[in-house]
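# Architecture at a glance
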Amino acid sequence: MKQFAVIGLGRFGTSVAQELCRLGHEVLAVDDSIDKINAIADTVTHAVQCNATDPEALNLLGLRNFDCVIVSIGSDMQTSILVTMLCKELGVSNVVVKSQSELHSKILKKLGADKIVFPERDMAERTAQSLVSDSILDYIELSPDFSLIEINAPKSWQGFSLNDLKLPARYSINVMAIKHSDGSIIVTPRANDMIEPGDTLIVIGANDDLDRVGNLK
């Protein structure tokens, strides 16, 4: 279990905080809006109203002890830059920042941001990929790095069991459900469950790994 802090509770920050918590990690949600704090309080470990541009207030949160701090203040470039700078000055080892433009990204890199994400751009790219792929039927982004997709079972997988295919080892993905052509669904399939012609699969994994799977025939 890891400890995450999410600063800025717009749609992106709220989704990331709730998903990280759902995955079993400790999550501190931070925003200067009490309404946003009240809205998320029941779905994360801790929720704190705080002006993240105040160095003293930010220091009191103990962010240097967290595995990762996500700065998701993408709509206000100046605030995003200031909070990123303060996090690095406080000794946070891993700062992930939502960026709204290439200029914003360049500044964040100069400040030492460890990872920069473009949620809207990245989602647009993956939506386009799903539209031109014969395999990907649906796509749900769970976090900046992980997603859930529905795909047509590649022909190279048909006639084999999950144990035969060893998908976690080969592709670092997991099959969450198998939907057979007759409408029956196997949820949390077992190792000996077979993939048949006409099946669709619900698969979870890192986006890069899912992209590889989506291109299989």
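To keep things clear, this report deals only with the structure shown in the data block. This one's a predicted model, so the numbers in the text were calculated from it and none came from an experiment.

Here we come to the overall build of the chain. Assigned secondary structure in the chain consists of nine helices and eleven strands. The contacts of the chain with a sequence gap of at least 6 include a subset with a gap of at least 24, amounting to 52%. Carbon and sulfur atoms provide 52% of the accessible area of the chain, an area that totals close to 11,400 Å².

By the definition in use, this model includes zero disulfides. We note that Cys68 lacks a disulfide partner, and the nearest cysteine sulfur, in Cys87, lies 9.9 Å from it.

Enumeration over the complete set of coordinates arrives at five salt bridges. The partner of Glu19 in a salt bridge is Arg22, with the nearest N and O atoms 2.7 Å apart. Highlighted residues: Glu19 and Arg22, both in helix α1 (residues 11-22), separated by three residues, approximately one helical turn.

On to the sheet that holds strand β1 (residues 3-7), then. With parallel pairing, six strands are arranged side by side in an open sheet as β3-β2-β1-β4-β5-β6. A single partner strand is all that each edge strand has here, and the edge strands are β3 (46-49) and β6 (115-117). The mean inter-strand angle of the sheet, taken between neighbouring strand axes irrespective of direction, is 15 degrees. Across four bridges, β1 lies against strand β4 (residues 68-71) in parallel orientation. Along β4, the bridge assignment pairs Val6 with Ile70. In this fold α1 packs onto β1, β2 (26-31), β4, β5 (95-98) and β6, with an angle of close to 165 degrees to the strand it touches most, β1.

Look at Lys166: it is not a glycine, yet its phi comes out positive at around 50 degrees. Mapped onto the elements of the fold, Lys166 is located in the loop between α7 (162-165) and α8 (167-171). Positive phi, normally seen in glycine, also occurs at Thr188, with a value near 50 degrees. Take Thr188: it is sitting in the loop between β10 (185-187) and β11 (200-206). Classification of Thr188 by relative accessible area gives exposed; the value is 59%.

Moving on, we get to helix α5 (residues 102-111). Listed in full, the buried residues belonging to α5 are His104, Ser105 and Leu108. Seen end-on, α5 carries its buried residues on one side only, within an arc spanning 100 degrees. Opposite the buried face of α5, at more than 90 degrees from it, the exposed residues are Leu103, Lys106, Lys109 and Lys110. Buried positions along α5 lie against α4 (77-89), β5 and β6. Positive backbone phi, at 100 degrees, marks Gly112, one or two positions downstream of α5.

Let us look at α1. Between its terminal C-alpha atoms α1 stretches 16 Å, which fits the 16 Å expected from twelve residues at 1.5 Å a residue. Here α1 has its buried residues at Phe12, Gly13, Val16, Ala17, Glu19 and Leu20. Following α1 by one or two positions, Gly24 has its phi on the positive side, about 100 degrees.

Analysis parameters
- Every chain begins its residue count from 1, and numbering advances along the sequence as written.
- A pLDDT threshold of at least 70 governs which residues receive local features in this predicted model, and a stricter bar of 80 or more applies before side-chain atom pairs are shown or counted, although totals over entire chains, interfaces and linings include all residues.
- Side-chain descriptors were evaluated using all non-hydrogen atoms of the structure, hydrogens and water having been removed beforehand.
- For the purposes of this entry, the term helix denotes a DSSP run of H or I that reaches at least four residues, the term strand denotes a run of E that reaches at least two, and both are numbered from the N terminus.
- Contact definition: two residues touch when any of their heavy atoms are within 4.5 Å.
- Only the protein chains shown count as cover for residues, and the accessible areas themselves come from Shrake-Rupley with a 1.4 Å probe.
- Defined by distance alone, a disulfide is two cysteine sulfur atoms within 2.5 Å.
- The salt bridge definition used is simple: a Lys or Arg side-chain nitrogen within 4 Å of an Asp or Glu carboxyl oxygen.
- The pairing criterion for strands is at least two bridges between them, as found by DSSP.
- Inter-axis angles, ranging from 0 to 180 degrees, are taken between N-to-C directions of lines fitted to C-alpha atoms, where helices are fitted over the stretch in contact.
- Note on exposure labels: buried denotes an accessible area under 20% of the residue type's maximum, exposed denotes more than 50%, and partly exposed covers the range between, all computed with a 1.4 Å probe on protein chains only.
- Throughout, the arc means the angular range of directions from the helix axis out to the C-beta atoms.
- Residue count minus one, scaled by 1.5 Å, sets the expected span of a helix.

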